[in-house]
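The residues making up each chain are set out below.
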Amino acid sequence: MKKEMTCISCPVGCRLTAYEKDGKIIIEGNACKRGEVYGISEITNPSRMVCSTVKIQGAFLPSLPVKTDEPVPKEKIFEVMEEINKITVQAPVHTGQILIPHVAGTKSNIVATREM
Ligand code: SF4
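The structure displayed is predicted, hence computed values, not measured ones.

Here we take up the pairing of strand S2 (residues 15-21). Examined bridge by bridge, strand S1 (residues 3-6) and S2 share four bridges and lie antiparallel to one another. The residue bridging Met-5 from the neighbouring strand is Leu-16, located in S2. Alignment of S2 against strand S3 (residues 24-28), held across five bridges, turns out to be antiparallel. The residue bridging Ala-18 from the neighbouring strand is Ile-27, located in S3.

Right, dumping it as structure tokens:
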């Protein structure tokens, strides 16, 4: 069976087709190697970076932008968002500071994306 998807590794957004042939995953439509890597990972272990905000106290704004420092499995995104929504951090916070290590039991950490 063929699966269609859009490569999100760069802004070009190549339309990919993935299918299995002789026990191997074949990716077509990719303009570069990164598209093949993305397509195979999307079939075998779909994952996403998560960007959001957390509540912060003692800063000039009420929320701090955060992200995962590695993609998390798609099925964990809801759990990751629940953990992000639970915490309140205290200023000062530095860019890249780990706020939630191994979020939702994954290899990824939630890190701050700006100073505040
Ligand atoms: S296949 Fe390559 S060029 Fe096409 S969207 Fe993916 S990264 Fe960009």
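Moving on, we come to the sheet that holds S1. A sheet is described by the order of its strands in space; here three strands give the open sequence S1-S2-S3, paired in antiparallel fashion. The strands lining the two open edges of the sheet, one partner per strand, are S1 and S3. Each neighbouring strand pair of the sheet contributes to a mean axis angle of 30 degrees, computed without reference to strand direction.

Our next topic: the pattern of salt bridges. Under the defined criterion, the tally for this structure stands at four salt bridges. The salt bridge partner of Arg-48 is Glu-42, with a shortest N-O separation of 3.0 Å. Residue Lys-76 is joined to Glu-79 by a salt bridge in which the shortest nitrogen-to-oxygen separation is 3.7 Å. Classification of Lys-76 by relative accessible area gives partly exposed; the value is 23%. Owing to a relative accessible area of 36%, Glu-79 belongs among the partly exposed residues under this scheme. Through salt bridges with shared partners, a single ionic network connects Glu-42, Arg-48 and Lys-74.

Rules behind the numbers
Along each chain, numbering runs from 1 in the same order as the chain's sequence is written. Only residues with pLDDT of 70 or above have their local features reported here, since the model is predicted, and side-chain atom pairs are shown and tallied only from 80 upward, although totals for entire chains, interfaces and linings are computed over all residues. With hydrogens and water stripped out, all remaining heavy atoms of the structure feed into the side-chain values. Here, strands pair whenever DSSP counts at least two bridges between them. The numbering of helices and of strands both runs from the N terminus, where a helix is a DSSP run of H or I of at least 4 residues and a strand a run of E of at least 2. For helices, the fitted line uses only the C-alpha atoms of the stretch in contact; every axis is such a line through C-alpha atoms, and the angle between N-to-C directions lies from 0 to 180 degrees. Whenever a carboxyl oxygen of Asp or Glu lies within 4 Å of a side-chain nitrogen of Lys or Arg, that contact is scored as a salt bridge. We call a residue buried when its accessible area falls under 20% of the maximum for its residue type, exposed when it is over 50%, and partly exposed in between, using a 1.4 Å probe and counting protein chains only.

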